[in-house]
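Structural overview
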Amino acid sequence: MKAKEKIRISIDENLCKRCGICSEFCSEKVFLELDNGMPQVTVPENCIVCHLCDWRCPDLAITLEVIS
Amino acid sequence: MKRPVGKQFMQGNEACVFGAIDAGARFYAGYPITPSSEIAELCAKFLPQVGGVFLQMEDELGSMAAVIGASTAGTKAFTATSGPGFTLMQENLGMAIYTEVPCVLVNIQRNGPSTGLATRPAQGDVMQARWGTHGDHPIIVLSPSSVQEFYDLTLRAFNLSEKYSIPVILLSDEVIGHMREDLVIPELEDLVIVNRKLPNKPIKEYRAYQTENDDIPRIAPFGSEYIVHISSSCHDETGFTHSKPQTADQLVRRLHRKIERNQEDIIQVEWFGPRKADVCIIAYGAVSRTAKQVVVDAQEKGLSVNLLRLITHWPFPDEQVKEALSQAKVIIVPEMNLGQVAQEILRLNSLQTPIYSITRIDGEIIMPSEIMSKIEEVIR
Amino acid sequence: MSTNSYKNYLKEEHFPHIWCPGCGDGIVLHAYAIALAELGLAPKEVVTVTGIGCWGKSDDYVATHALHGTHGRALAYATGVKLGNPVLTVIALMGDGDAVTIGGNHFIHAARRNIDLTAVVINNFNYGMTGGQYSATTPLKSKTTTSPLGNAEPGFDICSLAEAAGANFVARTTPFHVVSLKNLLKEGIQKKGFSLIEVITPCPTYFGRYNINSSPVANMHWLKDKAVSVSRYQHMTDEDKLQHFAIGTFVNKDRPDFYTMYQQINDCKWEGGR
Ligand code: SF4
Ligand code: SF4
Ligand code: SF4
């Protein structure tokens, strides 16, 4: 895990098609899939900034920003 | 080798290649097919000598596509084909018309349909040249009738293509493609070369398919500062796919308008013989040579005969043909097909002038005697 | 370079894109934009050529020069573009229909000619755009809308085809293996000569629904489970091989590309020409 960087993970609701890929494959279980299928960022502090959710999102809906 | 200049003796297909190189063509892609193959062979020899590229593609579908590709990258490009190859090129001919990519397609017509008599001449592709690709579309088609004119019209085909951002078809035939005769190739500095219009707006405001009063887009070549998007789907001024009914309507109507409003510039005919005559022969390509002989022979016989030779096939020379229909008592239309242009003349015949069609589809050229006996039969 | 510079290669104003939830096309588009950004190519130096199909719509979302043509001809246009202006980086984005079914002839000849292009072929084993009919890569016995009881034809192995035809760079990956996807795209684009990157991609709506599962997540799991490295694949039993496919680089060589050969061989000038 990277040093204590603050991460902002944002999901563009207009782009997300609720495929569930981000929450299924995040190794750190950062997301929670809501009943309506929308992913919700629940524990951003666990994020290791692997970018895989961002790059695997078919709808380019996820943005990771490092704020330090 | 040196650029040929001044009086030369060469084959029609050869004159076409020198016309293309003089017009600035630097890319050829094609698939060999009789009777057009000499054009490919000579391009293979000469294009690299002027810094160009000859590419023998895997088929005619790809040939026409590669020609479009090269033109979008800013290189004047052309192809040549015949018979079945012309059929395969229709797919991307439509693409070039719709996306307004300048290029030249030479068709050395041979007998058909299908493989037909592969080495024999015909004029059976007049309507295919007009309507071969699907959907409503404009087209420019030119028809040479001598080796000199093959050179001249190849140059003109590139110029019209660049000027109006549209593919131009050179519709020749086996006779003109393979015959050898004298021609004069001008000095380079005496040639008029037209190049496509380039963007005249700042990058931020640029839209490749936005036209001004002339209906002609300014499409920058790929690689320029102006990012260009070219789409075979219905597209708006930005070039990006846009599927609103209004966009589709406006685009195709503009494509037609850009040619219709410039008919005077595009349409060329030749009147041969007396300016007014009882009998007017309307002919083009190889058959117009026969017709010229008939006009000369008729004069000797004291018959009043002239010739309207169509140099531009499409857009159709409506005005000139109407003039012929109003002046002559009889119209004779000899063609190496079953009357493709005769039908088009009928469309314009509001005066009900008698029209006689002479047709041949056996791969043989129409002889002067055939036309003469028709004339003598109908004016009796 | 900032992590977001890939945005310079995308027309984000055209988003959301048309692809179905969980369709792999968007992942490949994203990787393509990142690859271009990391290579530092300016959008004006790149021409993206597309054909027809779901992936054939990808040009709608790129900010490079683009040519969207008829079905199957992307490589033929791309060939002309490259020879019309050899300094351009020309990349053809095609589906399995475009690349090896209707356009198969152009594909083998572009590879044989070794023209300096990159072909990014999304292989989702069917025609998504027209409703999930079989293509030349649909595996034997797979169900599609035109093979409702199973496909009677075997599918092409696109990489083997490219290798046999003579491509300089041949690789396969998937949108699940997104880091390798981006890296292979970069390698392919940089390689002089013909490069093929085959991306086995989920189409949850059709091929997935009929043969795997309609859920996007299940299709990604399928890729994860089925894809094995080239070296692991080589050591598999024939039976195991049937259940898997190899990902990684199959060919990486430096045969001279077409234009280099052409110039070498045709080294002659026309005196007094224009
Ligand atoms: S991967 Fe993207 S589209 Fe899918 S659920 Fe997550 S944010 Fe939404
Ligand atoms: S960057 Fe990696 S760890 Fe962080 S949320 Fe995305 S997938 Fe999870
Ligand atoms: S039909 Fe298949 S390939 Fe097409 S967008 Fe939907 S999931 Fe993707």
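A short tour of the structure in this document, coming up. Remember, predicted model here, so these are calculated numbers, not experimental data.

**Observations concerning the nonpolar core**
Ranked by internal contacts, the top residues of the largest apolar core, which has 157 residues, are Ile39, Phe78, Val106 and Ile281 of chain B together with Phe107, Phe194 and Leu196 of chain C. With nine residues, the top contributor of residues to this core is helix α6 (residues 147-164) of chain B. Looking at this core, you find at least three residues from each of domain 1 (6-190) and domain 2 (270-378) of chain B. If near-sequence neighbours (up to four positions away) are discounted, Ile281 of chain B is found in contact with Ala291, Val294, Val295, Val305, Asn306, Leu307, Leu308, Ile332, Pro334, Ile371 and Ile375 of chain B. Counting 67 residues, the second largest nonpolar core, distinct from the first, contains Ile27, Tyr61, Leu93 and Phe169 of chain C.

**Concerning the environment of Leu183 of chain B**
Residue and element names in this part refer to chain B. As for its position among the elements, Leu183 is in strand β8 (residues 180-185). Using a relative accessible area of 2% as the deciding quantity, one classes Leu183 as buried. Sequence separation between Leu183 and Gln56 is 127 residues; the distance between their C-alpha atoms is 29 Å. Excluding its chain neighbours within four sequence positions, the residues that come into contact with Leu183 are Gly6, Lys7, Gln8, Met10, Ala15, Val147, Gln148 and Tyr151.

**With respect to the pattern of salt bridges**
Residue and element names in this part refer to chain B. Summed over all chains, the structure comprises 41 salt bridges over all chains. Asp215 is the salt-bridge partner of Arg261, the closest N and O atoms lying 2.7 Å from each other. Here the residue Arg261 occupies a position in the loop between α8 (245-260) and α9 (263-266), and Asp215 occupies one in the loop between β8 and β9 (229-231), the gap between them amounting to 46 residues. Overall, the relative accessible area of 46% leaves Arg261 in the partly exposed class. Owing to a relative accessible area of 5%, Asp215 belongs among the buried residues under this scheme. Bridged by salt links that share partners, the residues Glu149, Glu270, Lys292 and Arg309 form one connected network.

**Details of helix α4 (residues 104-113) of chain C**
When we look at burial in α4 of chain C, the residues that qualify are Gly104, His106, Phe107, Ala110, Ala111 and Arg113 of chain C. Once α4 of chain C finishes, Asn114 of chain C follows within two positions and takes phi at roughly 60 degrees, a positive value.

**So, the interface of chain C and chain B**
On the side of chain B, 54 residues touch chain C, which itself brings 43 residues to the contact. Taking both sides of the interface into account, the surface hidden between chain C and chain B amounts to around 3800 Å²; carbon and sulfur atoms contribute 58%. A salt bridge links Glu91 of chain B to Arg73 of chain C; the shortest N-O distance between them is 2.7 Å. Connecting chain C to chain B are 21 residue pairs in polar contact (both at pLDDT 80 or more). Secondary structure elements with two or more residues in the side of chain C that touches chain B: β2 (65-68), α2 (74-84), α4 and α11 (258-265) of chain C. The element best represented in the side of chain C that touches chain B is α2 of chain C, accounting for seven residues. Considered class by class, the residues forming the side of chain C that touches chain B number 16 nonpolar, 17 polar and ten charged. Alignment of β9 of chain B against β2 of chain C, held across three bridges, turns out to be parallel. Each bridged residue has a counterpart across the sheet, and for His229 of chain B the counterpart in β2 of chain C is Ala66 of chain C.

**Quick notes on the sheet that holds strand β11 (residues 279-283) of chain B**
All names here are of chain B. Taken together, the five strands give an open sheet; going across it, the order is β10-β12-β11-β14-β15, and neighbouring strands pair in mixed fashion. Edge strands, defined here as strands with exactly one partner in the open sheet, are β10 (269-272) and β15 (355-359). Strand-to-strand, the axes of this sheet are offset by a mean angle of 20 degrees, without reference to chain direction. One ladder, built from five bridges, connects strand β14 (residues 330-335) with β15; its direction is parallel. From the neighbouring strand, Pro334 faces β15, where its bridge partner is Ile358. Against the sheet, helix α12 (residues 340-347) engages β11, β12 (305-310), β14 and β15, with an angle of about 150 degrees to β14. In the packing of helix α13 (residues 368-379) onto the sheet, the strands contacted are β11, β12, β14 and β15, and the crossing angle to β14 comes to about 155 degrees.

Rules used in this analysis
Residues numbered from 1 in each chain as written. Chains lettered and ligands numbered in written order. Predicted model: local features only at pLDDT ≥ 70, side-chain atom pairs only at ≥ 80, totals over all residues. Heavy atoms only, no water. Core = buried A, V, L, I, M, F, W, Y, C linked by side-chain atoms within 4.5 Å. Buried < 20%, exposed > 50% of the residue type's maximum accessible area, 1.4 Å probe, protein only. Helix = DSSP H or I, 4+ residues; strand = E, 2+ residues; numbered from the N terminus. Domains from an automatic or database assignment. Contact = heavy atoms within 4.5 Å. Salt bridge = Lys/Arg side-chain N within 4 Å of Asp/Glu carboxyl O. Buried area = accessible area lost by both parts, 1.4 Å probe. Polar contact = N/O pair within 3.5 Å; in protein donor to acceptor, adjacent residues only side chain to side chain. Nonpolar A, V, L, I, M, F, W, Y, C, P; charged D, E, K, R; others polar. Pairing = 2+ DSSP bridges. Axes fitted to C-alpha atoms, helices over the stretch in contact; angles between N-to-C directions.

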